[in-house]
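So the chains spell out like this:
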Amino acid sequence: MTSPVLIALDYASEAAALALAEQLSPELCRLKVGKELFTRSGPQLVEKLQGMGYEIFLDLKFHDIPNTVAGAVRAAADLGVWMVNVHASGGRRMMEAAADVLQSYSQPPLLIAVTVLTSMSEADLQELGYSESPAQRVQRLAALADDSGMDGVVCSALEAPQLRAERREGFCLVTPGIRLAGDSAGDQRRVVTPAEALAKGSDYLVIGRSVTAAAEPLKALKQVQAEIA
Ligand SMILES: O=c1ccn([C@@H]2O[C@H](COP(=O)(O)O)[C@@H](O)[C@H]2O)c(=O)[nH]1
């Protein structure tokens, strides 16, 4: 499996998620299970998708006290997911606790920290009391995440060139906010096309609505693959 594409299964039902998984294939993409689908369908759905041959990014963005996040990351590892994430803004001790619990696994999931959500603009950050630009805040949180034992970060591909230059080799950049040219950005604010994202240094492209809301999702995924080939 070499595809950098992770398809976000943002569906309200297991049936809809499985229907898309049946149309696509593990050779073309991995699948991301997020808050809506997991809250409805739980670990059993993750196991079904794994049974179909898919590697799963469990995108629950854990953000809590260190002990609680460590337990949640352990549960994700026991489920055998390929990637799991926490919020970098949970801080060093929280991220270190998450990394520590994975020490005992022979094949742990990739542990990734969310920096600044791709739906957030500079104005959104200012409203929260942050004076940094999204790029500056991503830079700061990525450095903290790297130092705290994370395998990589979630960021926008707009920030990827700077992180590529600053972070160690192998530090993984997972980038949502991907849109095929002409598609609506919707609630996203820091948006990049698939080809631009790879050119900027992304390792993995998280793609939801550009594929899942397309009239023909498989055709849209193949368009993404052609664009990044
Ligand atoms: O900063 C972030 C972190 C996670 N996401 C998730 O990625 C997908 C994007 O979906 P689109 O339909 O392609 O916008 C979605 O599941 C988010 O929860 C993100 O967008 N930004």
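Remember, it's a predicted structure, so these values are computed and weren't measured experimentally.

Help me understand the UniProt feature "domain: Orotidine 5'-phosphate decarboxylase" (unreviewed entry) in the protein chain, please; the structure alone is not making it clear to me.
Listed under "domain: Orotidine 5'-phosphate decarboxylase" (unreviewed entry) in the UniProt record, and renumbered for this structure, are residues 4-224. Counted over residues 4-224, helix gives 43% and strand 16%. Its end C-alpha atoms are 11 Å apart.

In this structure, what is going on with helix 6 (residues 134-147)? I would like to understand it.
Residues lying three or four places apart along an α-helix face the same way, a consequence of the helix completing one turn every 3.6 residues. Here helix 6 contains 14 residues, and its C-alpha end-to-end distance of 20 Å stays within 8% of the 20 Å for a straight helix at 1.5 Å per residue. Regarding helix 6, the residues found buried are Pro134, Arg137, Val138, Gln139, Leu141, Ala142, Ala145 and Asp146. Next to the buried residues of helix 6 lie helix 4 (92-101), strand 5 (110-114), helix 5 (122-127), strand 6 (152-154) and helix 7 (160-166). Gly149 occupies a position one or two residues after helix 6 and carries a positive phi of about 90 degrees.

What's the story with the packing of helix 3 (residues 66-78) against helix 4 in this structure? I'm lost.
Here helix 3 crosses helix 4 at 35 degrees, and the two axes come no closer than 8 Å. Along this stretch, helix 3 crosses helix 4, giving a crossing that reads as right-handed. Within the contact between the two elements, helix 3 uses Pro66, Asn67, Val69, Ala70, Val73 and Arg74 and helix 4 uses Arg93, Met94, Ala97, Ala98, Asp100 and Val101. Per-class residue counts for the contact of helix 3 with helix 4 are 8 nonpolar, 1 polar and 3 charged.

Looking at this structure, I do not really get the pairing of strand 5. What am I missing?
Across the 5 residues that make up strand 5, a large majority, 4, are buried. Judged from the 5 bridges that link them, strand 4 (residues 83-87) and strand 5 form a sheet pairing that is parallel. Residue Met83 lies in a different strand from strand 5, and its bridge partner there is Leu110. Each parallel crossover has a hand, and for strand 4 linked through helix 4 to strand 5 it is right-handed. Alignment of strand 5 against strand 6, held across 3 bridges, turns out to be parallel. When the bridges of strand 6 are listed, Ile112 appears paired with Gly152.

Thresholds applied
- Residues numbered from 1 in each chain as written.
- Predicted model: local features only at pLDDT ≥ 70, side-chain atom pairs only at ≥ 80, totals over all residues.
- UniProt positions renumbered as here; feature names shortened; annotations may be inferred.
- Helix = DSSP H or I, 4+ residues; strand = E, 2+ residues; numbered from the N terminus.
- Expected span 1.5 Å × (residues − 1).
- Buried ≥ 20, exposed ≤ 12 C-beta atoms within 10 Å, placed from the backbone.
- Contact = placed C-beta atoms within 7 Å.
- Axes fitted to C-alpha atoms, helices over the stretch in contact; angles between N-to-C directions.
- Left-handed = near helix turned anticlockwise from the far one by under 90°.
- Nonpolar A, V, L, I, M, F, W, Y, C, P; charged D, E, K, R; others polar.
- Pairing = 2+ DSSP bridges.
- Right-handed = clockwise from strand over helix to strand, strands pointing away.

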